[in-house]
Amino acid sequence: MTDTLNGYTRRWWKEAVVYQIYPRSFRDSNGDGIGDLRGILAQVPYIKGLGVDVVWLSPHFDSPNADNGYDIRDYRKVMAEFGTMSDFDDLLGALHAEGIRLIIDLVVNHSSDEHVWFAESRKSRDNPYRDYYIWRPDTGNGSPNNFTSIFTGSAWQKDAATGDYYLHLFAVKQPDLNWDNPAVRHEVHDLMRFWLDKGVDGFRMDVIPFISKRPGLPDLTEAQRAKPQFVYSDGPKVHDYLQEMRREALKPYDTMTVGEAFGVTLDQTPLFVDDRRGELDMIFQFDVVEIDRDANGRWTPWRLADFKAIFSRHDAALDAHCWPTVFFSNHDNPRIVSRYGDDRPQWRERSAKLMATLLLTLKGTPFIYQGDELGMTNYPFTDIAQFDDLWVKGQWREQVDSGQVSAADFIQSQMKISRDHARTPMQWTAEPNGGFTTGKPWLMVNPNTDEINAARAVADPSSIYHYYAALIALRRKHPALVYGSYQDLLPDHAQVFAYTRTTDDETMLIALNFSDEDVTVDLPRGTWITGNYSDEVPALRGWEARVYKL
Ligand code: ISL
Ligand code: CA
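These notes cover the structure that comes with them.

### Here we look at the overall build of the protein chain
The secondary structure content of the protein chain amounts to 18 helices and 20 strands. Here the C-alpha atoms of the protein chain give a radius of gyration of 23 Å, agreeing with the 24 Å that 2.2 N^0.38 yields for 550 residues. For the protein chain, the spread of C-alpha atoms along the three principal axes comes to 75 × 50 × 50 Å. Expressed as a percentage of its 550 residues, the buried residues of the protein chain come to 60%. A total of about 20600 Å² of accessible surface is found on the protein chain, and carbon and sulfur atoms cover 49% of it. Each charge sign in the protein chain was given a centre, from 59 positive and 80 negative side chains, and these centres are 1 Å apart.

Dropping the structure here:
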């Protein structure tokens, strides 16, 4: 094994494929309707069968669940509904025994308001924990500045005990930690070491660029208010704090880190991930998942040419010192097949396989979100009462209760964008509740579980699940699919995405038809390696994906 390939330093996390688990919705082992760690443990063979190298576990910590675990009450305790620390240790052991690494979610821009630090902090202005959070006095003019919460409304909450306001860039129950206080940073390094010493292999870091606030907290301009994340992510100390975190906590361990870089622009990306800077290994950049959002964050149709342009732009902006991620979905986004593919019955499977081909052959570490390997689709929501997400509820209050938007339009828009599409339970079988639970599931199971479920997919060699597994195996066999240079061959084509991945030793060509029509394009062919149709004809058929070796 050489140290470099096509100019890149070889690292395990560049060659890895990651599988994200949202524990609440993965598998319930005790009939309470909530997924748990023993449920995941029982499915390690399923995960292994896919051939992934790393599992990313969404938050499994003690939490009152205002935001499904992204509001942490105790960073060293397992959420009671998910199990115990010994269940966690068993799961970690079982994954490691299969050669699968585990990364966990580090949610430290904010804690829960029920964390003991905040319980203390709010008590009095001279409490030793006061400066763990960001407090401003009430000057009689309302909120200390015009910051808005990402989840709608003001980012300030007046607190009864002292009459001061605290900052929460997310929900009221998610007060922002004050990273300018060195004691807070030490606490975070400590809790990171706690989990690293247990053997976890790294962290996905929630909204990590938000940790440094602009001095004096100046107001947002009118233009900034539509997407305040671009201001919140651009504090002056973020890079100092990340470098310090690397030195103080991560350095002695062989880890992988991926920051959720909400609000980070492409220009800023190298500042987080350039391997000479000692910050993060990778970030999730939001350009792809914002392709169907307008300037105000509302749904808008997207064009393939714009989608393709993102990858060329990123490739040009990131040199061999930077390593990208590839993701099309996660627990905050709709389902891949409904959003980028075609979830009508006749195209669902083909287009899900096409998206798998793209995910696993672009440059960057691929992240698969649970259920996408089955082609799970968006949920057919019809009523506000069916949603769980606090963000949907906040938007409803802001838009529908105020009379700005009709209920029907609101539901129609959430059909496109709601985070709850990703959070409905995993569909394991055709049994009631998709075999997810023997009890009442915390969120409804998609009625299409009769047809779309893991039992069926595992038993059928031509399923989407086995296609993912085959593509993961192919990626392992062809280093060009990992480290190869990227070139888009048809940047302007409205239906076809075709690109090469090239090293000194090989060139792979990937051709994808993002439409339900036959399309003829002039491309070099070489040897057909795989695809989502079993034979080869001159035209690319509806949602056809092909991989060639030139
Ligand atoms: O969900 C989003 C877009 O689809 C974002 O606005 C999201 O709020 C942002 O990406 C931050 O997300 C992360 O932090 C939130 C949490 O609710 C999300 O689940 C998490 O991924 C607050 O911790
Ligand atoms: Ca349970």
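### Observations regarding the coordination of the calcium ion (ligand 2)
Looking at the metal site, the calcium ion (ligand 2) is ligated by Asp 28 (OD), Asn 30 (OD1), Asp 32 (OD), Ile 34 (O) and Asp 36 (OD), spaced 2.2 to 2.4 Å from it. Taken in chain order, the donor set of the calcium ion (ligand 2) reads D-x1-N-x1-D-x1-I-x1-D. Judged by relative accessible area, which is 3%, Asp 36 ranks as buried.

### Some points on the packing of aromatic side chains
Per the stated rule, a full pass over the model turns up 46 aromatic pairs. Taking 5.1 Å as the distance between ring centres and 85° as the angle between the ring planes, the aromatic pair formed by Phe 26 and Trp 428 counts as edge-to-face. Of the two residues, Phe 26 is situated in the loop between strand 3 (18–21) and helix 2 (37–42) and Trp 428 in the loop between helix 15 (420–423) and helix 16 (454–459); the sequence distance between them amounts to 402 residues. With a relative accessible area of 4%, Trp 428 lands in the buried category. Here the aromatic rings of Tyr 379 and Phe 381 are separated by 4.8 Å at their centres, their planes lie at 50°, and the arrangement is tilted. Across the pair, Phe 381 and Tyr 379 agree in class, each one buried. One aromatic cluster is present, built from ring pairs that chain together Trp 302, Phe 307, Phe 311, Phe 328, Tyr 340, Tyr 486, Phe 497, Tyr 499, Phe 514 and Trp 543. Geometry around Trp 442 places Arg 24 over its ring, the cationic atom sitting 5.1 Å from the centre. A cation sits over an aromatic face here: Arg 130 above Trp 135, 3.9 Å from the ring centre.

### What about helix 8 (residues 238–250)?
Taken as a whole, helix 8 has its buried residues at Val 238, His 239, Tyr 241, Leu 242, Glu 244, Met 245, Arg 246, Ala 249 and Leu 250. Residues of helix 8 that are buried make contact with strand 7 (101–106), helix 6 (182–198), strand 11 (202–205), strand 12 (256–260) and helix 9 (269–273).

### Considering the layout of surface pockets
In this structure, the largest pocket encloses a volume near 1400 Å³. Together, 50 residues line the largest pocket, and Ile 150, Asn 296, Gly 297, Trp 391 and Gln 395 are the ones closest to its centre. The set of elements that each furnish at least two residues to the lining of the largest pocket consists of helix 13 (390–401) and helix 14 (407–417). Within the lining of the largest pocket, the residues separate by chemical class into 16 nonpolar, 18 polar and 16 charged. Lining the second largest pocket we find 19 residues, and of these Trp 302, Ser 338, Arg 339, Tyr 340 and Gly 341 sit closest to its centre. In terms of residue class, the lining of the second largest pocket is built from 10 nonpolar, 4 polar and 5 charged.

### Some thoughts on the pairing of strand 11
Burial along strand 11 is two-sided: the face carrying Gly 202 and Arg 204 and the face carrying Phe 203 and Met 205 are both buried. The sheet contact formed by strand 7 and strand 11 spans 3 bridges and is parallel. Bridge assignment links Leu 106 to a residue of strand 11, and that residue is Met 205.

### Section: the sheet that holds strand 12
Pairing between the strands of a sheet comes from backbone hydrogen bonds, and it takes one of two forms, parallel or antiparallel. Here 8 strands make up an open sheet; going across it, the order is 13-12-11-7-4-3-15-14 and the pairing parallel. The open sheet terminates on both sides in strands that have one partner only, identified here as strand 13 (282–284) and strand 14 (325–326). Against the sheet, helix 6 engages strand 7 and strand 11, with an angle of about 135° to strand 11.

### Describing the site of ligand 1
Of all residues adjacent to ligand 1, which total 18 residues, the nearest are Asp 67, Asp 206, Glu 260, His 331 and Asp 332. Contacts to ligand 1 include Asp 206, whose side-chain N or O atom sits 2.8 Å from an oxygen atom. Within the side chain of Asp 332, an N or O atom sits 2.5 Å from an oxygen atom of ligand 1. Its residues placed into classes, the shell around ligand 1 shows 8 nonpolar, 3 polar and 7 charged.

### Examining the pattern of salt bridges
Taken as a whole, this structure holds 49 salt bridges when the rule is applied. Across the pair Arg 276 and Asp 319 runs a salt bridge, and its minimum N-O distance is 4.0 Å. You can see Arg 276 sitting in the loop between helix 9 and strand 13 and its partner Asp 319 sitting in the loop between helix 10 (304–317) and strand 14, a full 43 residues away along the chain. Arg 276 gets classed as exposed once you look at its relative accessible area, which sits at 57%. Relative accessible area serves as the criterion here: at 38%, Asp 319 is assigned to the partly exposed category.

Reading the values: rules and limits
- Residues numbered from 1 in each chain as written.
- Chains lettered and ligands numbered in written order.
- Predicted model: local features only at pLDDT ≥ 70, side-chain atom pairs only at ≥ 80, totals over all residues.
- Heavy atoms only, no water.
- Helix = DSSP H or I, 4+ residues; strand = E, 2+ residues; numbered from the N terminus.
- Rg over C-alpha atoms; globule rule 2.2 N^0.38 Å.
- Buried < 20%, exposed > 50% of the residue type's maximum accessible area, 1.4 Å probe, protein only.
- Areas by Shrake-Rupley, 256 points an atom, 1.4 Å probe, with all protein chains shown as cover.
- Lys, Arg positive; Asp, Glu negative; His and termini not counted.
- Charge placed at Lys NZ, Arg CZ, Asp CG, Glu CD.
- Donors = N, O, S within 2.8 Å, 3.2 Å for Na, K, Ca; no water.
- Phe/Tyr/Trp six-rings, centres within 6.5 Å; stacked < 30°, edge-to-face > 60°.
- Lys NZ or Arg CZ within 6 Å of the ring centre and 35° of its normal.
- Contact = heavy atoms within 4.5 Å.
- 1 Å grid on protein atoms, 1.4 Å probe; cavity = no way out; pocket = protein on both sides within 12 Å on 5 of 7 lines; lining within 4 Å.
- Points joined across faces, edges and corners; volume = space filled by probe spheres on them.
- Nonpolar A, V, L, I, M, F, W, Y, C, P; charged D, E, K, R; others polar.
- Pairing = 2+ DSSP bridges.
- Axes fitted to C-alpha atoms, helices over the stretch in contact; angles between N-to-C directions.
- Near = heavy atom within 4 Å.
- Polar contact = N/O pair within 3.5 Å; in protein donor to acceptor, adjacent residues only side chain to side chain.
- Salt bridge = Lys/Arg side-chain N within 4 Å of Asp/Glu carboxyl O.

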